[in-house]
Amino acid sequence: MATQPLAEVFGFPISNESKRAVHYRENRLCPFGNVCPNCTKDKADAPLGVCSVFHDDDRVITCPVRFREDWIIIENAAKFAFPKGSTWTSLSEIRLVDAEGQAAGNIDYVVVSYDKGSGDILDFASVEVQGVYISGNLRNAFEEYMREPKSDFEWRGKNYPHPDYLSSSRKRLIPQMLTKGGIFKAWGKKQCVVIQQSFYNTLPSLPEVPQEDADIAWFLYDLVYDPNDHQNHLTLVKTVYTEFTQALNTVITPKVGDMSSFVNLLQSKLEEKRPISPEVPKTILDR
């Protein structure tokens, strides 16, 4: 069990004290292809350089840039979206609008297959990448570590940070799939969702379909520690294939609880406002 929440800082486990790790740490650099050499998470001038956090036995990715390691997320998306042998590339942060010209958001990446000779686009697919929101105060632990980086750093401060999977799905992933995903579904284009396996495991069980019938490929990754280079490496552990409508209906449909507990709550609130005579049934459940 980890004695502090920082799984990776500026790309490396804090137990890694190699020259390369120290170089990235001291210069606040990002090794995963950020928009600039430095980490810009949270604040450009004071970045929160935490790529992933410890939670139970997992290393949970909190920064979407962390998924860019070796760009395997794009390679795997292209394999799903296009026939073998296709010429493809990727474009990032592509603005999407609806029929009224209203912004539906930006697509994280669009993989594009094109004709080698003419350069004309032949097909395309979306790639949405979702890290995990954090509840609690991660910056306090990070700043205390950065004041004196050491491999045996421990932190048990107040408001201990932990993954907020529910907010990550309800506030981010699901709204994106309903809006942007709905447009791609109407266009008949494939979609790729890149998340960690631990995040996917918090979603309702999605009905799977054969790969050839899938609208969406859920690429589930994890961070696997390699003791040889003392680093975590992004690794594809599973791909789940689903149909768009079935998957979204499953995700957005709540599990319905027993109505009696809700009625009892209403009854207690009502009784706080007015007395109820003995001959009147207390709740509709008694009728």
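Preceding this section is the structure that the text describes.
Fair warning: this is a prediction, and the values are worked out from it, not measured in the lab. (Residues numbered from 1 in each chain as written. Predicted model: local features only at pLDDT ≥ 70, side-chain atom pairs only at ≥ 80, totals over all residues. Heavy atoms only, no water.)

S.K.: What should I look at first to understand the sheet that holds strand S10 (residues 216-226) in this one?
M.R.: Reading across from one edge, S4-S5-S6-S9-S10-S11 is the order of the six strands in this open sheet, with mixed pairing throughout. Strand pairing shows two members of the sheet lacking a second neighbour, strand S4 (88-97) and strand S11 (231-242), which therefore form its edges. Strand-to-strand, the axes of this sheet are offset by a mean angle of 30 degrees, without reference to chain direction. The strands touched by helix H4 (residues 165-187) are S4, strand S5 (103-114), strand S6 (121-129), strand S9 (191-196) and S10; relative to S5, the strand with the most contacts, the crossing angle is about 50 degrees. (Pairing = 2+ DSSP bridges. Helix = DSSP H or I, 4+ residues; strand = E, 2+ residues; numbered from the N terminus. Axes fitted to C-alpha atoms, helices over the stretch in contact; angles between N-to-C directions. Contact = heavy atoms within 4.5 Å.)

S.K.: Would you explain the pairing of S9 in this entry?
M.R.: Within a regular strand, side chains alternate between the sheet's two faces. Extensive coverage of S9 is indicated by the burial of six of its six residues. Residue alternation in S9 divides its side chains into two sets, Gln191, Val193 and Ile195 and Cys192, Val194 and Gln196, and both sets are buried. Across four bridges, S6 lies against S9 in parallel orientation. Residue pairing in the sheet places glutamate 128 in a bridge with valine 193 of S9. (Buried < 20%, exposed > 50% of the residue type's maximum accessible area, 1.4 Å probe, protein only.)

S.K.: What is the right way to read the packing of H4 against helix H6 (residues 244-252) from this model?
M.R.: When two helices pack together, their arrangement is given by the angle between the helix axes and the distance between those axes. Running from N to C, H4 and H6 cross one another at 160 degrees; their axes reach a closest spacing of 11 Å. Here H4 is positioned roughly antiparallel relative to H6, judged by the angle of their axes. Note on packing geometry: the crossing formed by H4 with H6 is left-handed. Where H4 abuts H6, its residues Ile174, Met177, Leu178, Gly181, Gly182 and Lys185 lie against Phe244, Thr245, Leu248, Val251 and Ile252. When the residues that make up the contact of H4 with H6 are grouped by side-chain class, the tally is seven nonpolar, three polar and one charged. (Parallel < 35°, antiparallel > 145°, perpendicular 65-115°, else oblique. Left-handed = near helix turned anticlockwise from the far one by under 90°. Nonpolar A, V, L, I, M, F, W, Y, C, P; charged D, E, K, R; others polar.)

S.K.: Could you clarify how one ought to interpret a nonpolar patch on the surface in this entry?
M.R.: The grouping of Phe262, Leu265 and Leu266 at the surface amounts to a nonpolar patch, some 300 Å² of accessible area in total. When you line up the elements, leucine 265 lands in helix H7 (residues 259-273). A relative accessible area of 44% places leucine 265 in the partly exposed class. (Patch = residues over 30% accessible without salt bridge, like charges linked within 9 Å, V, L, I, M, F, W, Y side chains within 5 Å. Areas by Shrake-Rupley, 256 points an atom, 1.4 Å probe, with all protein chains shown as cover. Salt bridge = Lys/Arg side-chain N within 4 Å of Asp/Glu carboxyl O.)

S.K.: How do you make sense of the sheet that holds strand S1 (residues 6-9) when you look at a structure like this?
M.R.: Strands in a sheet are paired, the pairing made by backbone hydrogen bonds, and the direction either parallel or antiparallel. Sheet architecture is open: three strands sit in the order S1-S2-S3, paired in antiparallel fashion. Bordering the open sheet on either side are S1 and strand S3 (58-61), each of which pairs with just one other strand. Taking the axes of each pair of neighbouring strands and ignoring which way they run, one obtains an average angle of 25 degrees across the sheet. On the sheet, helix H3 (residues 138-147) packs against S1 and strand S2 (50-55) and is oriented at approximately 60 degrees with respect to S1.

S.K.: Explanation requested: the environment of valine 240 in the structure shown.
M.R.: Tracing the backbone shows valine 240 in strand S11. Residue valine 240 is classed as buried on the basis of its relative accessible area, which comes to 0%. Each C-alpha atom, one on valine 240 and one on glutamate 208, is 6.8 Å from the other, the two residues being 32 residues apart in sequence. Beyond its immediate chain neighbours, meaning those up to four positions away, valine 240 contacts Tyr200, Glu208, Ile216, Ala217, Trp218 and Leu220.

S.K.: Before we go on, may I ask you to explain helix H1 (residues 19-26) in this structure?
M.R.: Those residues of H1 not exposed but buried are Ala21, Tyr24 and Arg25. The buried residues of H1 occupy an angular sector of 100 degrees when projected down its axis, which confines them to one face. Among the exposed residues of H1, those pointing more than 90 degrees away from its buried face are Lys19 and Glu26. Considering only its buried residues, H1 is in contact with S1 and H3. Just beyond H1, the residue with positive phi is arginine 28, at close to 55 degrees. (Arc of directions from axis to C-beta.)

S.K.: Sorry, what's going on with the pattern of salt bridges here?
M.R.: Pairing between side chains of opposite charge can happen when the charged atoms of each approach one another. For the structure on display, the rule yields nine salt bridges. Salt-bridge contacts for lysine 185 lead to glutamate 243; the nearest nitrogen and oxygen are separated by 3.4 Å. Of the two residues, lysine 185 sits in helix H4 while glutamate 243 sits in the loop between S11 and H6, which places them 58 residues apart along the sequence. Linked by salt bridges that have partners in common, Glu8, Arg66 and Glu69 make up one network.

S.K.: Help me understand the nonpolar core, please; the structure alone is not making it clear to me.
M.R.: Nonpolar side chains in soluble globular proteins tend to be buried together. In terms of nonpolar packing, the biggest core is built from 40 residues, with Leu6, Val9, Tyr200 and Trp218 touching the most fellow members. Secondary-structure elements contributing two or more residues to this core are S1, S2, H3, H4, S9, helix H5 (197-200), S10 and H6. A total of five residues in this core trace back to one element, the largest contributor, which is H3. Valine 9 has contacts with Ile14, Arg25, Gly49, Phe142, Tyr145 and Met146, leaving out every residue within four places of it along the chain. The next biggest cluster of nonpolar side chains, apart from the first, holds 24 residues, and it includes Ile61, Ala81, Ala125 and Tyr241. (Core = buried A, V, L, I, M, F, W, Y, C linked by side-chain atoms within 4.5 Å.)

S.K.: Hey, could you run me through H6 in this one?
M.R.: An α-helix turns once per 3.6 residues; consequently, residues spaced three or four apart project the same way. Those residues of H6 not exposed but buried are Phe244, Ala247, Leu248 and Val251. The arc that holds every buried residue of H6, seen down its axis, measures 95 degrees, which confines them to one face. Elements that come into contact with the buried residues of H6 comprise H4, S9, S10 and S11. Among the residues of H6, the N-terminal cap falls to glutamate 243, whose side-chain oxygen and the backbone nitrogen of threonine 245 are separated by 3.0 Å. (Polar contact = N/O pair within 3.5 Å; in protein donor to acceptor, adjacent residues only side chain to side chain.)

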